[in-house]
Protein chains: 2
Amino acid sequence: MPDFAPVAARLAESAEANREALFELLHIPSVSANPDHRGDCRAAAEWVRDFLANAGCTAELIDTGSAEEPGHPIIFAKSPRIDGAPTLLVYGHYDVQPPDPLDLWTTPPFEPTVRDGKVYARGATDDKGQMLTHPLAVAAWHATHGGPPVNVTFVIEGEEEVGSDHLDAFLESHREELACDAAVISDTSQFAEGVPAICYGLRGITACEVTVTGPKADLHSGLFGGSVRNPANALATILASLHDAEGRVAVDGFYDDVRDLTPEERAAWAALPFDEQGFLAATGSPALTGEAGWTTLERRWARPTCDVNGITAGYQGPGPKTIVPSKASAKLTFRLVPDQDPDVILAAVRQHIERHCPAGVTVAVKPYHGTPGVMFEPNTPPFEAAKRAIEAAFGTPPVMIRGGGSIPVVRSLGNTLNCPVLLLGWGLSSDGLHSPDEHFSLDAFQRGALASARLMWELAQEA
Amino acid sequence: MPDFAPVAARLAESAEANREALFELLHIPSVSANPDHRGDCRAAAEWVRDFLANAGCTAELIDTGSAEEPGHPIIFAKSPRIDGAPTLLVYGHYDVQPPDPLDLWTTPPFEPTVRDGKVYARGATDDKGQMLTHPLAVAAWHATHGGPPVNVTFVIEGEEEVGSDHLDAFLESHREELACDAAVISDTSQFAEGVPAICYGLRGITACEVTVTGPKADLHSGLFGGSVRNPANALATILASLHDAEGRVAVDGFYDDVRDLTPEERAAWAALPFDEQGFLAATGSPALTGEAGWTTLERRWARPTCDVNGITAGYQGPGPKTIVPSKASAKLTFRLVPDQDPDVILAAVRQHIERHCPAGVTVAVKPYHGTPGVMFEPNTPPFEAAKRAIEAAFGTPPVMIRGGGSIPVVRSLGNTLNCPVLLLGWGLSSDGLHSPDEHFSLDAFQRGALASARLMWELAQEA
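Please read these numbers as outputs of a predicted model, since none were measured by experiment. (Residues numbered from 1 in each chain as written. Chains lettered and ligands numbered in written order. Predicted model: local features only at pLDDT ≥ 70, side-chain atom pairs only at ≥ 80, totals over all residues. Heavy atoms only, no water.)

(A) Here's a closer look at the relation of the copies chain B and chain A. Once turned by 180° and shifted 0.0 Å along the axis, chain B lies on chain A with an RMSD of 0.0 Å. Taken together, the rotation and translation describe the operation of a two-fold axis. Within chain B, the C-alpha atom positioned nearest to the axis of rotation is that of Ala236(B), 2.2 Å from it. Most of the interface of chain B is mirrored in chain A, where 100% of its interface residues are also at the interface. (Least-squares fit on C-alpha atoms with pLDDT ≥ 70 in both. Contact = heavy atoms within 4.5 Å.)

Quick look at the structure:
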């Protein structure tokens, strides 16, 4: 087993060079949503490819899409092969969100600037800064030992901010070459400043649009009001029926497949340094509330929801308009937890809606794409290795958390490669991702690279 | 008492001339909403003034508004004074709706054309054709007896289709000169073809906008869903709470001041030749439904309602969007019946909404202007006179009905002049008012003029 000390030393010595590497990458305006930046996206891909090649990897730039509808390239790279050693797959992305509104940036978004120990630039935390920690780790291993003690595979894409349209096809077509024991993604956050975290579960989602139709055209509310069912009132009745007075989703069978929180999880989450007042202030809501019987973190991470995302009906301009509208519609998302099945839930929701539709109107439910929640067993060897690596790099053991959103690539990796996914976020939720003045702590950048290098060592130990 | 026979004979003889007079007026494109037609509105006003002057009245054109914001003129005219005789006030309007969409007209809207016994033109039924029956009646009395046997006052305005902005000020400032025993308005409809009607009651209205506010901005439904109250869900809960399962408005005290339908009214309405299937087809709704225990006509005419006129919340574009919206709002109208007070009802509604607003969001209720319902005693002398007049002209007694909408001028006349208002509609609801191919039966036009002339005679008899 190689000695880790020189790797750590190398990372410490190269801190300045590593920052410069990051700044080079941050200078490239690789905005995937904007066709004008197609060349910049390719330049960022080439930068990543060249960096990995210089770190001893075989690195390929793989074009995606077709000649008519080209995508942005995927960088596919592998460290020197060690037969019998475990394989770690690193996923990340080199593309960034558009920087608009530009006038809210203190310094230009593609001129990385350090203030107060943080680098400010578009992509600093999402995801160039966090992603780059893994190539830096491989480079340190390469410089000290000729390569990492495990097989490391990189999949760095350029379409994460625009829906990862070509990723699944790449994963499918390279399934065998991508086989791994664990995947790691650094595109989330620490739990709080100084509280590193490993996220071992995410909620899924299913969504639909409900349209209630009554009269064939908007009717005069005086001449017709009272004689026909009003679709907007009916929609409200249907939507209100989706919850009971305790904030529980009132759809039959909705909770049947919900995996219970264990007493250990509840105790661990209750012990987290969660700043409930700060969280409330961030929402701007008058109060935190929801399904009775669960804490705020439990409701966000481990309980399913039903949220109306939008409603549209009748007249929406200024002042009154005396009509019975012809139609009313609402968009709904249901956040799901393991082991709820999106299709089963959507069928139950549809049945509920149809059953609660009042006489005198008709209702249609249009389904949108769904994805199940994911949860990895957090006491397995890859997670134990990650815990030790983070403790070594950050000086404190990580907290074990789950997330309320969905990260489609986690599901894609899990599905295609059948591997656990380690979500190791080095950033903070306050880093301004997708916002002006996005930034990333240079200390976290350095520690993240150390944790990544250490993770490779720990995984080699386990084998 | 003058003999009525010559008046009837005169109207019959002048049928052709009376149509030509109507066609002259219909040729004038007096679209009050369109500033380009300001001159046409004035031309129509002058036409009415001249017609009444030729019919023996003193007729004035009264400008409204200010030099900066001019209104359209009001024609104020009086038949030759008969001391001691009752006074009938005729209200009508010479302005018309815009004729758009022009391509849906079979013949041009301001080129009156007769097809199948009906004249097609914008304003044919609303209100030039119906209104003109009263000047024609006075003209027939003028030609045969030097003037009608009662005092007739005309108030013919040009802003009915744009909100009658200057009418109330005119009524107020001319209150003494406008004193009358009854008012007549022909701007409604017969109950059905061949079933003339007198409308003796109208619903009132109150309206408001409800805005529910939660987070300070739209939130990610994954990161925040379940932790905060969703304003769109909360709005649905509030709106759904406004009705009970029987379709009754569930606001405390809402029905306290509702004047009960008499058994006689219910029996009379049940005997009306109401084409329920035809009405259903006109709405295009799957079924007629509403407050339990009342017929469709009862619900439309004599029961108050709560209709959501529009809802707006969150995302309304195509596809899903995973947000908890920051705000959700709805517009509400409550149709009121005697003796509900709009202010009392709105206060009760506000209290209900505030009480049903779930924790974790705030609610604001913005009131709009309200007006009470009106109801006249249908067995009083003016109504009896109108019944006899209609029977004489149409060959069948009128049915006594109420209306579901509000006609603000009825309230204005009732309030300012403290007189009963006879709503004698000669048109049909299928006349296409406000629509392309608006039309009016020439037979109804002729009979309407005869009924108006006869009404003057009947009122003189009563005196």
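(B) Representation of the side chain of Asn309(A) in the model. Its location among the elements puts Asn309(A) in strand S11 (residues 307-314). Note on Asn309(A): relative accessible area 1%, which makes it buried. (Helix = DSSP H or I, 4+ residues; strand = E, 2+ residues; numbered from the N terminus. Buried < 20%, exposed > 50% of the residue type's maximum accessible area, 1.4 Å probe, protein only.)

(C) Local environment of the domain arrangement of chain A. Residues and elements named next belong to chain A. Parsing chain A into structural domains produces domain 1 (5-202 + 374-462) and domain 2 (204-258 + 304-371). Here domain 1 and domain 2 have C-alpha centroids that lie 40 Å from each other. If you look at the interface, domain 1 gives eight residues, while domain 2 gives five residues. In this assembly, domain 1 and domain 2 are joined by zero salt bridges. On inspection of domain 1 and its partner domain 2, the count reaches one residue pair in polar contact (both at pLDDT 80 or more). (Domains from an automatic or database assignment. Salt bridge = Lys/Arg side-chain N within 4 Å of Asp/Glu carboxyl O. Polar contact = N/O pair within 3.5 Å; in protein donor to acceptor, adjacent residues only side chain to side chain.)

(D) Spatial organisation of the packing of helix H11 (residues 381-394) of chain A against helix H13 (residues 442-462) of chain A. All names here are of chain A. At a minimum axis separation of 7 Å, H11 and H13 run at an interaxial angle of 140°. Judged on the interaxial angle alone, H13 and H11 are oblique. Helix-helix and strand crossings are classified by hand; for H11 and H13 the assignment is right-handed. Listed contacts from H13 to Pro381, Pro382, Glu384, Ala385, Ala386, Arg388, Ala389, Ile390, Ala392, Ala393 and Phe394 of H11 are Ala444, Arg447, Gly448, Leu450, Ala451, Arg454, Leu455, Glu458, Leu459 and Glu462. For the contact of H11 with H13, the per-class residue count stands at 14 nonpolar, one polar and six charged. (Axes fitted to C-alpha atoms, helices over the stretch in contact; angles between N-to-C directions. Parallel < 35°, antiparallel > 145°, perpendicular 65-115°, else oblique. Left-handed = near helix turned anticlockwise from the far one by under 90°. Nonpolar A, V, L, I, M, F, W, Y, C, P; charged D, E, K, R; others polar.)

(E) Examining the sheet that holds strand S11 (residues 307-314) of chain B more closely. Spatially, eight strands are ordered S14(A)-S9(A)-S13(A)-S11(A)-S11(B)-S13(B)-S9(B)-S14(B) in an open sheet, and the strand pairing comes out antiparallel. One side of each edge strand has no neighbouring strand; the edge strands of this open sheet are strand S14 (362-371) of chain A together with strand S14 (362-371) of chain B. For this sheet, the mean inter-axis angle between neighbouring strands, taken without regard to orientation, is 15°. Direction of pairing for strand S9 (residues 204-213) of chain B relative to S14(B): antiparallel, over a ladder of eight bridges. Bridged to Ile205(B) within S14(B) is Thr371(B). Across the sheet, helix H10 (residues 342-355) of chain B touches S9, strand S13 (327-336) and S14 of chain B, and the angle it forms with S14(B) is around 165°. (Pairing = 2+ DSSP bridges.)

(F) Expanded view of helix H4 (residues 124-145) of chain A. Residues and elements named next belong to chain A. Here H4 spans 29 Å end to end across 22 residues, near enough to the 32 Å set by a 1.5 Å rise per residue. The largest bend along H4 reaches roughly 25° and is located at Thr133, with the proline Pro135 sitting one to four residues downstream. Of all 22 residues in H4, 17 are buried, a share of seventy percent or more. Residue Gly146 follows H4 closely and has a positive phi angle near 85°. (Expected span 1.5 Å × (residues − 1). Bend = angle between axes of the 7 residues up to and from the residue.)

(G) Region of the structure containing the sheet that holds strand S5 (residues 118-120) of chain B. Residues and elements named next belong to chain B. Reading across from one edge, S4-S5-S18 is the order of the three strands in this open sheet, with antiparallel pairing throughout. Both outer strands of the open sheet, strand S4 (113-115) and strand S18 (439-441), are each paired with one neighbouring strand and no more. Averaged over all pairs of adjacent strands, the angle between strand axes in this sheet comes to 30°, irrespective of strand direction. Sitting on the sheet, helix H13 (residues 442-462) touches S4, S5 and S18, and the angle it makes with S18 is about 60°.

(H) Layout of the interface of chain B and chain A. Tallying the contact residues gives 70 residues for chain B and 70 residues for chain A. Together, the buried faces of chain B and chain A total about 5100 Å²; carbon and sulfur atoms form 55% of this surface. Across the chain B-chain A interface, the total number found is zero salt bridges. Counting across the interface, chain B meets chain A through 38 residue pairs in polar contact (both at pLDDT 80 or more). Pairing analysis gives five bridges linking S11(A) to S11(B), with the strands arranged antiparallel. Its bridge partner lying in S11(B), Ile311(A) is registered against Ala313(B). (Buried area = accessible area lost by both parts, 1.4 Å probe.)

(I) Broad picture of the packing of helix H2 (residues 15-27) of chain A against H4(A). Residues and elements named next belong to chain A. Here H2 crosses H4 at 135°, and the two axes come no closer than 10 Å. Viewed along their axes, H2 and H4 adopt a mutual orientation that is oblique. The element H2 and its partner H4 pack so that their crossing is right-handed. Judged by residue contacts, Asn18, Ala21, Leu22, Leu25 and Leu26 of H2 engage Ala124, Lys128, Gly129, Met131, Leu132 and Leu136 from H4. Here the contact of H2 with H4 is composed, by residue class, of eight nonpolar, two polar and one charged.

(J) Expanded view of the UniProt feature "domain: Peptidase M20 dimerisation" (unreviewed entry) in chain A. If you check UniProt for "domain: Peptidase M20 dimerisation" (unreviewed entry), the listed places come out as residues 200-359 of chain A in our numbering. With 29% helix and 22% strand, the stretch residues 200-359 of chain A has end C-alpha atoms that lie 46 Å from each other. (UniProt positions renumbered as here; feature names shortened; annotations may be inferred.)

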